[in-house]
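Given next are the chains, with one letter for each unit.
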Amino acid sequence: NYSQNLKGKTVLITAGPTYEAIDPVRYIGNHSSGKMGFSLAEEAAKRGAKVILVSGPSSQKTSNPEIALHRVTSAKEMFDEVFKHYENVDIAIASAAVADYAPKEVASEKIKKNDDTLVIELVKNPDILKTMGERKHRQFLVGFALETQNEEENAKGKLEKKNLDMIVLNSLRDEGAGFKNDTNKIHIITMHENREFALKSKDDVAKDIMNFIEEKTLK
Ligand code: PMT
């Protein structure tokens, strides 16, 4: 007996980490498990939305028929998949931990252990969320900010720079927040508001986020 408030809406969600190949056996990655993004996808689907979930490598699964899951590996693949769908969605939520840089060249053979030091040149990846902000016309756009210092200031900066409608801040300084845990502790920040929430399960955090989005988008 869930509200069907999002019936008729399409929600695009990015989740998980990205892996940037160094050679055929190694990559640059991060600790994102995909849990936060998959919880958001389930919550949006329960409320009647059609969900497009674009996830980097993650062991999370879904069997919900309302969730179309697209699995990708690198930031570039995530970018391409997101922009196959972005044009026609009503709400977009970027919860993925996208690698900011990728190796300039991917070695075709396994890199051998020769010298005492090894230098890998990195180049900037496309910023998926920033591009969504630039191409925004009807979408309600939600970003995440994972911070370790000057949290609220940095989050507000991302809100403005990426042309977002709201940003979900989680800080690695808060115990039980951020990567891997089944829990998270967030602030939701808009141009005019800063709402703080208690530490809770990622499923319950997803409810708070979707409630806030409904409050702002359904009139
Ligand atoms: O997956 P879990 O283990 O459950 O962990 C959840 C989480 C900690 C990954 C999640 O809650 C979270 O904070 N996701 C964003 C992580 C992040 O990379 O934040 P950021 O501050 O570096 O990036 C800001 C925003 O820009 C994010 O919405 C990110 O998805 C987006 N971005 C960043 C870089 C890039 N190249 N493209 C992007 O879209």
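Please refer to the structure higher up on the page.
Residues numbered from 1 in each chain as written. Predicted model: local features only at pLDDT ≥ 70, side-chain atom pairs only at ≥ 80, totals over all residues.

**Quick look at the packing of helix α1 (residues 35-46) against helix α5 (residues 202-217)**
Then comes step 1: For the pair α1 and α5, interaxial distance at closest approach is 8 Å and the crossing angle is 55°. On the basis of their axis angle, the class for α1 and α5 is oblique. The way α1 lies across α5 gives a crossing that is right-handed. Facing K35, M36, S39, L40, E43 and A44 of α1, the residues of α5 in contact are K202, D203, A206, K207, I209 and M210.
Then comes step 2: Of the residues assigned to the contact of α1 with α5, the class counts are 6 nonpolar, 1 polar and 5 charged. (Axes fitted to C-alpha atoms, helices over the stretch in contact; angles between N-to-C directions. Helix = DSSP H or I, 4+ residues; strand = E, 2+ residues; numbered from the N terminus. Parallel < 35°, antiparallel > 145°, perpendicular 65-115°, else oblique. Left-handed = near helix turned anticlockwise from the far one by under 90°. Contact = placed C-beta atoms within 7 Å. Nonpolar A, V, L, I, M, F, W, Y, C, P; charged D, E, K, R; others polar.)

**Focus: the sheet that holds strand β4 (residues 50-55)**
Then comes step 1: Read from one edge of the open sheet, 8 strands run β5-β4-β1-β6-β9-β10-β12-β13, paired in mixed fashion. Where the open sheet ends on each side, the last strands, each with one partner, are β5 (67-71) and β13 (194-196). The mean inter-strand angle of the sheet, taken between neighbouring strand axes irrespective of direction, is 15°.
Then comes step 2: Sheet topology places strand β10 (residues 166-171) next to strand β12 (residues 186-189); 4 bridges connect them, and they run antiparallel. In the sheet register, N170 faces β12, and the bridge partner there is I186.
Then comes step 3: α1 contacts β1 (10-15), β4, β5 and β6 (91-94) of the sheet and is inclined by roughly 165° relative to β1. (Pairing = 2+ DSSP bridges.)

**Structural notes on the environment of E196**
Then comes step 1: For E196, the location among the structural elements is in strand β13.
Then comes step 2: Separated by 11 residues in sequence, E196 and K185 have C-alpha atoms that sit 8.4 Å apart.

**A closer look at the site of the ligand**
Then comes step 1: Around the ligand, 27 residues are found, and the nearest of them are S33, K35, A94, I128 and L129.
Then comes step 2: Looking at the shell around the ligand, the elements that each hand over two or more residues are α1, α3 (128-134) and β9 (140-147).
Then comes step 3: Here the element with the most residues in the shell around the ligand is β9; it accounts for 4 residues.
Then comes step 4: Here the shell around the ligand is built from residues that sort into 12 nonpolar, 10 polar and 5 charged. (Near = placed C-beta within 6 Å.)

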